[in-house]
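# Report on the structure
The chain contents come next:
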Amino acid sequence: MPDMLVNLYGSEVSALAKKANGNFATIRPALPPEMNLVIEWVRENFSDNWASEVSVAFSRQPIACLIAVENGTLLGFACYDTTARGFFGPTGVAEEARGRGIGLSLFSDCLQTMKTLGHAYAFIGDAGPVDFYKSAVGAIEIPARDKGIYEGMLRRPKTQS
Ligand SMILES: CC(C)(COP(=O)(O)OP(=O)(O)OC[C@H]1O[C@@H](n2cnc3c(N)ncnc32)[C@H](O)[C@@H]1OP(=O)(O)O)[C@@H](O)C(=O)NCCC(=O)NCCS
């Protein structure tokens, strides 16, 4: 999967900020007392690797993790400046809450936060849903030959079921 590049000063990022507030979930920075709950939720719904990245997001001040909450339920998360400076991600929305604009809202709010913190561009490391990022903000694939920061990353052996 490629790394992707987003111009935070591009018109598509501004347009997304106007568009991406139509869902009813609240998007806000996670709070320190929510750390264990959010990390466990990410591990259960996504992966141990992503839970580790969220742990790093909670070690920073301000906490580099936004969450989507509705009626006291966690529905999604998104991190920035976590695996590397300038990186957006990881991000994820609960399966049952997908397709309601929550992923876009989390993405948009992270990009605006990154811009406020002084970034001009954001990278999406090892982007999974490439088309999501292309259509959301015109993100472009970085034509790098090698895998980048995740090359050679240690992974747990897959357990056989
Ligand atoms: C990718 C993800 C965060 C999107 O969250 P979501 O809340 O379902 O997204 P939204 O409802 O905000 O989607 C808005 C738009 O993006 C499109 N979209 C959503 N997921 C997409 C995908 N995987 N690929 C392409 N387009 C996608 C929707 O069709 C919608 O388009 P529209 O506005 O033209 O109707 C969610 O599918 C997810 O958690 N996926 C698994 C984890 C993952 O892959 N994370 C990204 C790692 S880099």
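Our subject is the structure that appears above.
Summarised in this report is the structure supplied together with it.

### Brief notes about helix H2 (residues 35-45)
- Every buried residue belonging to H2 is among Val38, Ile39, Trp41 and Val42, and all of these are buried. The arc that holds every buried residue of H2, seen down its axis, measures 160°, which confines them to one face. Facing away from the buried side of H2 by over 90 degrees, the exposed positions are Leu37 and Glu44.
- Buried residues along H2 sit in contact with helix H3 (48-58), strand S3 (65-70) and strand S4 (73-80).

### A look at unusual backbone geometry
- Cis geometry is adopted by the peptide bond preceding proline 62, which originates at glutamine 61 and carries an omega value of 5°.
- Relative to the assigned elements, proline 62 resides in the loop between H3 and S3.
- Non-glycine residue asparagine 71 carries a positive phi angle of around 50°.
- One can find asparagine 71 in the loop between S3 and S4.
- Among the residues examined, asparagine 71 registers a relative accessible area of 78% and is labelled exposed.
- A positive phi is found at aspartate 81, a non-glycine position, where the angle reads about 50°.
- With respect to the helices and strands, aspartate 81 occurs in the loop between S4 and strand S5 (87-93).

### Details of the packing of aromatic side chains
- In total, this model carries eleven aromatic pairs according to the counting rule given.
- When the ring of phenylalanine 87 is compared with that of phenylalanine 123, the centres are 6.1 Å apart and the planes differ by 50°; the resulting orientation is tilted. With a gap of 36 residues between them, phenylalanine 87 in strand S5 and phenylalanine 123 in strand S6 (residues 121-124) connect regions that are remote in the sequence.
- Given the relative accessible area of 10%, phenylalanine 87 is considered buried.
- The exposure class of phenylalanine 123 is partly exposed, given its relative accessible area of 31%.
- An aromatic cluster is present here, built from Trp41, Phe46, Trp50 and Phe77 joined pairwise through their rings.

### A look at the site of the ligand
- Taken together, 18 residues form the shell around the ligand, and within it Thr91, Val93, Gly101, Gly103 and Leu104 come nearest.
- Between valine 93 and the ligand, the recorded distance is 2.8 Å, taken from a backbone N or O atom to an oxygen atom.
- The fraction of the free accessible surface of the ligand (910 Å²) that becomes covered by protein chains is 64%.
- Going through the elements one at a time, S5, helix H4 (102-116) and helix H5 (130-137) are the ones with two or more residues in the shell around the ligand.
- Each residue belonging to the shell around the ligand can be placed in one class, and the counts come to eight nonpolar, six polar and four charged.

### Section: the pairing of S5
- Summarising burial for S5: seven of the seven residues are buried, a large majority.
- Note: S4 against S5, four bridges, orientation antiparallel. Note on S5: the bridge partner recorded for glycine 76 is valine 93.
- Turn length for the S4-S5 hairpin, with the two strands adjacent in sequence and antiparallel, is six residues, and the turn residue aspartate 81 shows positive phi of about 50°.
- Judged from the two bridges that link them, S5 and S6 form a sheet pairing that is parallel. Across the sheet, residue phenylalanine 88 finds its bridge partner in S6, namely isoleucine 124.

Cut-offs used in this document
- Residues numbered from 1 in each chain as written.
- Predicted model: local features only at pLDDT ≥ 70, side-chain atom pairs only at ≥ 80, totals over all residues.
- Heavy atoms only, no water.
- Buried < 20%, exposed > 50% of the residue type's maximum accessible area, 1.4 Å probe, protein only.
- Helix = DSSP H or I, 4+ residues; strand = E, 2+ residues; numbered from the N terminus.
- Arc of directions from axis to C-beta.
- Contact = heavy atoms within 4.5 Å.
- Phe/Tyr/Trp six-rings, centres within 6.5 Å; stacked < 30°, edge-to-face > 60°.
- Near = heavy atom within 4 Å.
- Polar contact = N/O pair within 3.5 Å; in protein donor to acceptor, adjacent residues only side chain to side chain.
- Areas by Shrake-Rupley, 256 points an atom, 1.4 Å probe, with all protein chains shown as cover.
- Nonpolar A, V, L, I, M, F, W, Y, C, P; charged D, E, K, R; others polar.
- Pairing = 2+ DSSP bridges.

Nothing here speaks to function; it is all geometry.
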